[in-house]
Structures are given as C-alpha cells and as structure tokens.
Amino acid sequence: MEMINTLYKPTTLAKKLIVLAICGCSFAMNAQEKKLNSKKPTIDYSAYKADKVEMNRKIDSLISVMTLTEKLGQLNLPSSGDFTTGQAKSTDVAKKIEEGKIGGLFNIKTVEKIREVQKIAVEKSRLKIPLIFGMDVIHGYETTFPIPLGLSTSWDMALIEKTAQMAAMEASADGINWTFSPMVDVSRDPRWGRVSEGNGEDAYLGGEIAKAMVRGYQQDDLSKSNTILACVKHFALYGASEAGRDYNTVDMSRIRMYNDYLPPYKAAIEAGVGTVMASFNEVDGIPATGNKWLLTDLLRDQWDFDGFVVTDYTGINEMIAHGMGDLQTVAALALNAGVDMDMVGEGFVSTLEKSLSEDKVSEESIDTAVRRILEAKFQLGLFEDPYRYTDKERADSEIFTSVNRKFAREVASQSMVLLKNENNVLPIKRSGTIAVVGPLANASNNMAGTWSVATPQDKSVSVLDGIKSAVGNSAKVLYAKGSNLSYDKEFEARGTAFGKDIPRDGRSDEEMLKEAVSIASKSDVIVAAIGEAAEMSGESSSRTDISIPKAQRDLLQALVKTGKPVVLVLFNGRPLVLTEEDKTVPAILDVWFAGSETGDALADVLFGDVNPSAKITATFPRNVGQIPIYYNHKNTGRPLENKEGEFVKFRSNYLDVRNEPLYPFGYGLSYTTFSYKNLSLSTEQLAENETLKISVDITNSGNHDGKEVVQLYVRDLVGSVTRPVKELKGFQKIFLKKGEMKTVTFELSVEDLKFYNSSLEHIYELGDFEVFVGTNSADDSLRTSFELVK
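Residues numbered from 1 in each chain as written. Predicted model: local features only at pLDDT ≥ 70, side-chain atom pairs only at ≥ 80, totals over all residues. Heavy atoms only, no water.

We now examine the sheet that holds strand β15 (residues 566–571). Taken in spatial order, the 6 strands make up an open sheet running β11-β16-β15-β14-β12-β13, and their pairing is mixed. Each edge of the open sheet is held by one strand with a lone partner, namely β11 (417–421) and β13 (476–480). The mean angle between the axes of side-by-side strands here comes to 20 degrees, regardless of whether they run parallel or antiparallel. Inspection of the sheet shows strand β12 (residues 433–437) paired to β13 by 5 bridges, in the parallel sense. Looking at β13, one finds that Val-437 is bridged to Ala-480. The strands touched by helix α23 (residues 550–560) within the sheet are β12, β14 (525–531) and β15, with β14 carrying the most contacts at an inclination of about 170 degrees. Here helix α25 (residues 598–606) sits on the sheet in contact with β14, β15 and β16 (587–590), set at roughly 145 degrees to β15. (Pairing = 2+ DSSP bridges. Helix = DSSP H or I, 4+ residues; strand = E, 2+ residues; numbered from the N terminus. Axes fitted to C-alpha atoms, helices over the stretch in contact; angles between N-to-C directions. Contact = heavy atoms within 4.5 Å.)

The next subject is the nonpolar core. For soluble globular proteins, nonpolar side chains are generally found buried alongside one another. In this structure, Trp-178, Phe-235 and Leu-262 are the most contacted members of the largest nonpolar core, which totals 129 residues. In terms of residues, this core owes the most to one element, helix α9 (residues 157–173), which gives 9 residues. Judged by nonpolar contacts, the second largest core, of 78 residues, contains Val-417, Leu-419, Val-463 and Val-591. (Core = buried A, V, L, I, M, F, W, Y, C linked by side-chain atoms within 4.5 Å. Buried < 20%, exposed > 50% of the residue type's maximum accessible area, 1.4 Å probe, protein only.)

Here we take up the packing of helix α20 (residues 463–471) against α25. Interhelical geometry of α20 versus α25 gives an angle of 55 degrees and a closest axis separation of 7 Å. Between α20 and α25, the interaxial angle falls into the category oblique. Handedness of the crossing formed by α20 with α25: right-handed. Counted together, Val-463, Gly-466, Ile-467, Ser-469 and Ala-470 of α20 and Gly-599, Asp-600, Leu-602, Ala-603 and Leu-606 of α25 form the full contact between these two elements. Here the contact of α20 with α25 is composed, by residue class, of 6 nonpolar, 3 polar and 1 charged. (Parallel < 35°, antiparallel > 145°, perpendicular 65-115°, else oblique. Left-handed = near helix turned anticlockwise from the far one by under 90°. Nonpolar A, V, L, I, M, F, W, Y, C, P; charged D, E, K, R; others polar.)

A word on the side chain of Glu-70. Positionally, Glu-70 belongs in helix α5 (residues 68–74). A polar contact is formed between the side chain of Glu-70 and the side chain of Arg-126, at a distance of 2.8 Å. (Polar contact = N/O pair within 3.5 Å; in protein donor to acceptor, adjacent residues only side chain to side chain.)

Here we take up helix α7 (residues 111–123). In this model α7 runs 17 Å from its N-terminal to its C-terminal C-alpha over 13 residues, within 8% of the 18 Å that 1.5 Å per residue would give. Buried positions along α7 lie against α6 (92–98), β2 (104–106), β3 (132–135), α9 and α18 (392–397). (Expected span 1.5 Å × (residues − 1).)

Another point: the packing of aromatic side chains. Aromatic ring pairs are defined here through the distance separating the ring centres and the angle between the ring planes. Inspection of every chain in the model, using the stated rule, returns 22 aromatic pairs. Centre to centre, the rings of Tyr-238 and Phe-280 are 6.1 Å apart; their planes meet at 65 degrees, and the pair counts as edge-to-face. One end of the pair, Tyr-238, is in the loop between β5 (231–235) and α11 (254–261); the other, Phe-280, is in the loop between β6 (275–278) and β7 (282–283), with 42 residues separating them in the sequence. Taking the relative accessible area as the measure of exposure, Phe-280 reaches 7% and is therefore buried. Ring geometry for Tyr-631 versus Phe-665: centroids 4.6 Å apart, planes at 15 degrees, classification stacked. Of the two residues, Tyr-631 is situated in the loop between α25 and β17 (674–681) and Phe-665 in the loop between α25 and β17; the sequence distance between them amounts to 34 residues. According to the relative accessible area criterion, Phe-665 is buried, its value standing at 0%. These aromatic residues form a ring-pair network of at least three members: Trp-155, Tyr-204, Tyr-631, Phe-665, Tyr-713 and Phe-731. Lying over the aromatic face of Tyr-630, Arg-188 brings its terminal NZ or CZ to 3.8 Å of the ring centre. In this structure, Lys-726 packs its charged tip against the face of Tyr-713, placed 5.7 Å from the ring centre. (Phe/Tyr/Trp six-rings, centres within 6.5 Å; stacked < 30°, edge-to-face > 60°. Lys NZ or Arg CZ within 6 Å of the ring centre and 35° of its normal.)

What follows deals with the environment of Gln-685. Mapping Gln-685 onto the fold places it in strand β18 (residues 685–687). For the pair Gln-685 and Ser-785, spaced 100 residues apart in sequence, the C-alpha to C-alpha distance is 9.2 Å. Apart from the residues within four sequence positions on either side, Gln-685 is in contact with Glu-690, Glu-787 and Val-789. Polar contacts involving the side chain of Gln-685 include one to the side chain of Glu-787, which spans 3.1 Å.

Where charged atoms from two side chains of opposite charge come close, those side chains can pair. Scanning the model with the defined rule gives 54 salt bridges in all. A salt bridge links Glu-597 to Arg-405; the shortest N-O distance between them is 2.8 Å. Of this pair, Glu-597 sits in the loop between β16 and α25 while Arg-405 sits in helix α19 (residues 402–413); the two residues are 192 residues apart in sequence, bridging distant segments of the chain. Exposure remark for Glu-597: the relative accessible area of 4% places this residue in the buried category. In this structure Arg-405 comes out as partly exposed when scored by relative accessible area, which is 24%. (Salt bridge = Lys/Arg side-chain N within 4 Å of Asp/Glu carboxyl O.)

Moving on, we get to the pairing of strand β26 (residues 783–789). Where β18 and β26 come together, 3 bridges link them in parallel fashion. Paired with Gln-685 across the strands is Glu-787, a residue of β26.

The next point concerns helix α4 (residues 52–64). Between the first and last C-alpha of α4 there are 18 Å, a value that for 13 residues agrees with the 18 Å anticipated at 1.5 Å per step. Listed in full, the buried residues belonging to α4 are Met-55, Lys-58, Ile-59, Ser-61, Leu-62, Ile-63 and Ser-64.

Turning our attention to the pairing of strand β21 (residues 727–736). Summarising burial for β21: 7 of the 10 residues are buried, a large majority. The pairing of strand β20 (residues 706–716) with β21 spans 9 bridges and is classified as antiparallel. Each residue of the ladder has a partner; that of Val-710, found in β21, is Gln-732.

Here's what the structure looks like:
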C-alpha cells in the first residue's frame, strides 16, 4: 500500500478495491462505477519520474483502480474539431474527458486550447490521467518543408533528420506531442495520390529515411519538451493498392511483402518508433486493422515492437464495408488483432463492454491496450508535468522563425531535381527581361503541397515573389497566368481543396493565352510554373491520367513556339508522364511542392546560387501503360537484351513503347558534370566473415562546384529464388569543388546480401554477384563482380 499511496490519497472504498485488485481477487468493477466516479483521488505528478520498472509498478496500480469505462476511454481518440479558447468546457468533448471517456485528441492546436483541454483531464476527471495530443505533422509544422516524396530526392539523411527535429520542436512548442508520421509505404504506382507522402519505390532507401525521421522526431528522450512521439504508417502495404486507387485491395505474396514492402516499417521499429498506424487496406484477405498475423504475430512477436497501435481515421468502422461484420464484431476483431487505440470511430467505447460480457474479448486484452497507452504518456513525461507542451514563451519564440525559414529554404533547394538542361539554359541571369507564366506562378497557397495542415499558406513564398525578390532592380519581371489549371472546371475544383483554391480567370482561354505569348515574346527567358495543384496528389487524389492537364500543356507548347528559352518549373506530387515536354522544352526543373519557402529556394536554383543535386526516388514512366514501373524488377525468361529500345518479337517488350522509363530511379542532373573512374574491389572472393570494400574515383569535371549522389547497386546472379536485376545497397552524397576528385568507398558484408527465400527465411547464398556504381539506377558504365565463398 505504501507505493500506491504515493500516487493517490484514496477513499476507504477505493482502498478496499485497490487491496482486492492487488490480491488478485475478483469483484464487479462496473457495479462500483457511480461511487468511484464521485471520488477523485489526488495524483502526485512528481512520483511519476521513474525508470521502466517503477513505471510499470505505477501503471499496475493505476489500472487496478480504473473502471471499465475509464479503461475504454484511454483507447478512444476522437477528433476535437476546433473551438474558440474559453469554450472547451461547454463542448461534448469536454464532458467525455471529465467522465474519463477520452485518452487523447487530434486536430487541435495552440497552447491555449490544448492547455484548456488538458486542464479538464487532470483537474476534473476522477483519475486525472493526462491526454495525448496528436496532429498530422507530415513535412514540417508551420515552417513547412518539401512534401515527403520531394524531400526524399535530397538523399541526405542528416538533412531529413533535421527537418523532423525542427518539425517536432515547432509542434511541441504549440502543444502537440504526437505526430502521424513518418509514412513509409513503398509505392510503384504513381497513379496513387499518396505517393506524394512517401519516399518512393525503394525499400532500402525508404528504410534509411524512416530511421532518420524517427530519430528526428523522438531524438534520444521522449520526455524532453521539444520531442514528439512518432507514428510509422500505414502498416502495411498501403502503397500497393490495385490500379493506384486509394483504399483499394492489396494482394501480394509473402515473399514480395518481406523483400520489397515491409523493410521500411521494420527499419522504423528498429529505430524505436513509439507508435504504429494500421492501414486501411486488406492483407491476405483480412483488413489490416483486424489482422492478427500482421499486428501481433509479425509486428510484436517477430519484430519485438513494444509501443502502441492506433487505427487510421475510422479504420475499425470501415471493416463493416469490407464485409467483416457489424461494429461490435469488427471492434472486437481489432482489439484481438492488436489494435490499442481507436481513431474517431468510437467502436471500442461503444461496444467492448458488451463484447466483454459475451466473452468475445478479454479484460486482459483491454488492460494490455490501456497499459501501452499509459506507457506512452509516461515516456512523454505527461504524468510528471501534463502541461509540459503548453509553454506560451516557446510558442511565441520557436515557431515559424527566421532561422527555421532559412533552413526550410535550404532544404527546398536541395530537393529540386533538374530533369533536363539542354544547351545549359540554366542557370539564368539576373538581367534582361524574365517572363513568369503559369497558373502556379502566383499561387502561394499551393507551395506547401498536400498535408500541410498547420502551414500559414498566405505566408508561403510564390514563384513570382521569389524571382522578383532575387532580381530586385537588376532585371524586369513580367507575369501572366496564361491558363487555368484545367479546361475541366469540376476536375480543377476537386484538385484545389482545403483552402488551396486558385481562382479561375474570368477571361476566355484564348485571351489568357494571347497575353502570355505577348509577354513571353518580349522576354529573354520564360519561366513556366506549371503542373499539378497541391491537392491533385495526396489522400483520395488518385489519377488515371498522370500527364500535365491539357490547358497547361497547350500553354507550354505555345511558349515554346515563341523560340525563347523556356524553363519548365514543374509542380507535382507524383511522377508525371512528361514525354512531350521532354522532347520540346529545353529545361525542366522538378520542384515538387517545396514548402513555405518555395519561391526563394527556386530562385536560388534558377539563378545558380544553388547547384541542383537532388535525384528522383520514383521512376517516371513514358506513358501510363508502363505502370507499375520500377528499377529493381526481376528478369523474365525472355528478357529484351538490346539497349536501343527496338521491338523484338517473342521478347518481353511492348509494340508501342520501349521498356525503359523516361527518367530512371536515382536520376537527376547538375549544372556541373561528374566523371566516374577506377571502380575497384578489395577482393574478388568475399568470405562469409569478411567485409568487401568497393572504391570509385569521382571527379567534378564541369564548371561549377556541386554535390553528387554516388549510388551502389548489386545483383545476385544466381539464387534459390529469382532475384531483382539490381538492388540499391548504398549511397553517399558528396560535395566536390570544380576540378576536385574524391575516392568514395562503400562496404558490403553478408548482412547486405541477405534476402527472404520462399520459406521466408532471411538468408544469404554463396555465389556470384555483380556490382554497379553510378549516377543513377540505369548507369551501367562502371561494373565489376565478386564471388561470395565460405
């Protein structure tokens, strides 16, 4: 009793119940709820600062005095909506918090509002258990970085980790202590809108980014007030939805799962991620939210995950439409599968009491889920100080600062991919007349991209403003919108949701085009800001036609016909079909949606202050018929062996298009050039207990200082199961001054050569391997081989 009394000053009745619980005796908790709810034990928060053993003892004592209603409340994560400060007490949410029916909230921000709600939990509820506050902090908070797909093209793990760390600092300063990030879903289908939120098509690179993001958010101590709990999502396989249609069926072999899709989630677990979000899709015919093999056998038993699992938005309820049963059935299915927290659906709080009485779930399963939620709150330091994330001074001094914005500008410029630069059109000069044209040229509210829920969109820097600021009085800048986003008004409206509307011009298409051509003809260079609007990618934004909308393609070709040099500044949340543009436009710079500092960062690259060094992490197809297309495919029994793209009958190819993509994985140009020479191995026979060193000389052979992403690929030539034609096994981003040479060295061990075989054993096999080092996945100019021996 001494330990428990350090936490509470319980009533006589509560003491009796505590003793019964400790002795292992059974009693009817529900029968006592009214009496218990009228008693309010006092918690000494200072007693919660303890090691894990002590934490577990205290959680045991807390669970022992919780009613079933309070337990189920901890598993409930509703969306609060927004409210005016001072009105929280009068809301339905406040009443539920006071009754112990809510464990956390999301979609609420600012320290004033969060403090007001937290105060209800720790001062008005019976057990005074603090709430956890979550938000979709996906690629920054108010200071916004490039969308995740764009950020991944930097191939810079230190940079990526720092973006997550800064996002955590800002979000925690505003009251948030849990983010639903990183999203690590591998996707090979750019029709899927949420490819914008992931890291591309490669499991190895995706895993490295997953680890960097988790480290950035959580650092080495979650109890620090400037760190937040990370949540890896969407577990699992969400990026493989059929036809690229969001929420659609996923069906694949286990061997493909283990080798190609699961590694990034596992990497996040190994990095210590605190929470996991179940995906919407089914896995092996059972929705992930109710899939015990996925959430318990794999996640906990095989991978040793010890955090908590949360559903996606109404994920439990959506299993009804999947055909898994009514709400009571699917809620029980989710709990028994390993779900701990129910986001929004309230299936747990409304049905688990009945399921418990019918022996469809056990109180042990409920207690286990409650324990996991409480452990997270302990780790965040909320029991020590429930207001640790509501410091008004931090909110005023650490969010959207000039220092943060300067870093965001740097990150944005490091994430822009130069896809084409014929005749060195780029960089352009700060002189003469520059035409800035396109529906995305003056659209600051679209610069941050999708899932930028905390971004002050009106403060983002547009393309037009960035260029004007960069040139000052040294050049003349002319602007014309040129076209609407699309000829189709309804399509345009669907792609400009959530406050990201680009008002349609009242003039005719012909008038707008005429104006654009007129100013372009008077200019020395044309910057065409063209592509997708911010919400044309993201959740529920799948597309079957992934080309630039026709209205903008017509504008672009009219600009090209002026004969003036054209720079296509491409906005996109996915790889697009750019076959026509690649043939006709001299320079293409992919800026994705580069965040709150897009315009200034773009100007840095356009005018040569920053040399582009990003490389794509998702393959760009020649047309939509090539999808799915990805670099690490397997061979067939009848491979097309010529490199010219010529059709060969009875070989694996198409009648109407060559096999190769327009731009391969890892591709990206620079204002300078790099030469690769002298590929060498430390040995041609690698023993199982040895490490292979692979070295190559890289020289900056161009006229600008620059960065290069040196990429290492390996091919396992003979295996017990078929193996990919090439797999990324390492990369290094290096900086070279003009004329400078560096020797880059990679190391490989048998751990790097492992794969899952048909029995799902993680093994390596002796035999021959090819090694490729180059500037992208299609670069075979430097290759050698080694043999793995006993």
